[in-house]
Amino acid sequence: MKAFPIPVVALGPGTQTEDEHLDYLPMPKDMDTYRAPMLPEPEEIAGRAAARGALVRVLALLDQAADGAAGGQVSLLDLPPEDRLLVNQVMGEGEASAIVREESSPLEVRIQESVFAGVWRLMTFNGAALVDDVIEVGPVPALLRVVAAEDAEREYQPWLGPLPPNVQNAPLLVEEVRDQVARWQLGRSSHVINLTLLPVTPEDIGYLDHQLGTGRVLLLSRGYGNCRISNTRLPNCWRVVYYNSMDKVILNTVEVVDMPEVAMAAPEDLRDSHERLQDVVGYLERT
């Protein structure tokens, strides 16, 4: 008898092998939420009058900012090292951070939101040397608006030659952005161009970014995933890119507004921060 030309394969229940080592997509990470600062024992903070005074001034600024008034700054540069350490422990690190660099100078301002929304730490470095250290209270540090306005007044060179290969819809988007920038007025709601929903190529995105220019402000907000915010060289024009917890772009936008809403602490956040810091200051005053 000749050999059967087709191999016999068993079928039915129990005949299929299973891979016991399945590769699942990583689960999303938890959203960052408020965590009360870990305060030292009372005997460890006795005599820290300078730190307490600074925190009381921050609390007063939060009180007025929560009612809609302007915030302000509290200098920490002259605090003794032990008092500065206590302030660092109370402030902690929140969701948002930013860097502002000078192009022709070694100066760099590092901005970190504390665990109290709307309370920011601004540390200015000249190279490796700390030259200024303040706490600022407000929806967003005033420096970010100032630098963005300065960048909009500085000259930059847009692309003037023929369109690069595979650039298709970007020129129309550039014209839309410039038209919205020209018409925008303070108090007007933001105009958002959602690039994620548009038929654009990677080359379109690159061309758009080149035509809008890049400023000196870079802000990262960490919540459920990340949001990267940077200013352009046009007035009141920002690039806002959202990433999920696995660092994949989920929303890519251009916003025409004085400051993107995602960058700012809301009024209710300031009120919550006032209540939380009041509890901390109360603890320090009882020790």
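What you see is a predicted model, and the numbers here were worked out from it, not measured in a lab.

### With respect to the packing of aromatic side chains
- Within the structure shown, the criterion is met by 0 aromatic pairs.
- One residue, Arg 110, lies across the ring of Phe 125, its end atom 4.0 Å from the ring centre.

### Let's talk about the nonpolar core
- The biggest cluster of nonpolar side chains holds 38 residues, and the ones touching the most others in it are Ile 111, Leu 144, Val 177, Trp 238 and Val 254.
- Among the elements that line this core, the one with the most residues is helix H4 (residues 170-183), at 5 residues.
- Ala 66, Val 74, Val 119 and Leu 277 belong to the second-largest nonpolar core, a separate cluster that totals 27 residues.

### A closer look at the side chain of Asn 252
- Position of Asn 252 among the secondary structure elements: in strand S10 (residues 249-256).
- Here the side chain of Asn 252 touches Arg 239 through a polar contact of 2.8 Å, side chain to side chain.
- When sequence neighbours within four positions are dropped, the list of residues in contact with Asn 252 reads Ile 193, Asn 194, Leu 195, Thr 196, Ile 205, Arg 239, Val 240 and Val 241.

### Quick look at helix H5 (residues 202-212)
- What H5 keeps buried is the set Asp 204, Ile 205, Tyr 207, Leu 208, Gln 211 and Leu 212. Along the axis of H5, the buried residues cluster in a sector spanning 165 degrees; they form a single face.
- In the core, the buried residues of H5 are packed alongside H4, strand S9 (237-243) and S10.
- Positive backbone phi, approximately 80 degrees, marks Gly 213, located one or two places after H5.

Each value, and the rule that gives it
Residue indices begin from 1 for each chain and proceed along its sequence in written order. Only residues with pLDDT of 70 or above have their local features reported here, since the model is predicted, and side-chain atom pairs are shown and tallied only from 80 upward, although totals for entire chains, interfaces and linings are computed over all residues. Computation of side-chain values covers all heavy atoms of the structure but excludes hydrogens and water. Any Phe, Tyr or Trp ring, taking Trp's six-membered ring, that has another such ring centre within 6.5 Å forms a pair; planes under 30 degrees apart are called stacked, those over 60 apart edge-to-face, and the others tilted. Two conditions define a charge sitting above a ring: the NZ of Lys or the CZ of Arg must be within 6 Å of the ring centre, and it must be within 35 degrees of the ring normal. Take the buried Ala, Val, Leu, Ile, Met, Phe, Trp, Tyr and Cys residues and link them wherever side-chain atoms come within 4.5 Å; each set so joined is a nonpolar core. Residue exposure (1.4 Å probe, protein chains only): buried if accessible area is under 20% of the type maximum, exposed if over 50%, otherwise partly exposed. Think of it this way: any DSSP run of H or I at least four residues long counts as a helix, any run of E at least two long counts as a strand, and we number them from the N terminus. Here a polar contact means two N or O atoms within 3.5 Å. Within protein one must be a hydrogen donor candidate and the other an acceptor candidate, and residues neighboring in sequence count only if both atoms are side-chain atoms. Only heavy atoms matter for contacts: two residues are in contact if any of them lie within 4.5 Å across the pair. To be clear, the arc concerns the directions from the helix axis to the C-beta atoms.

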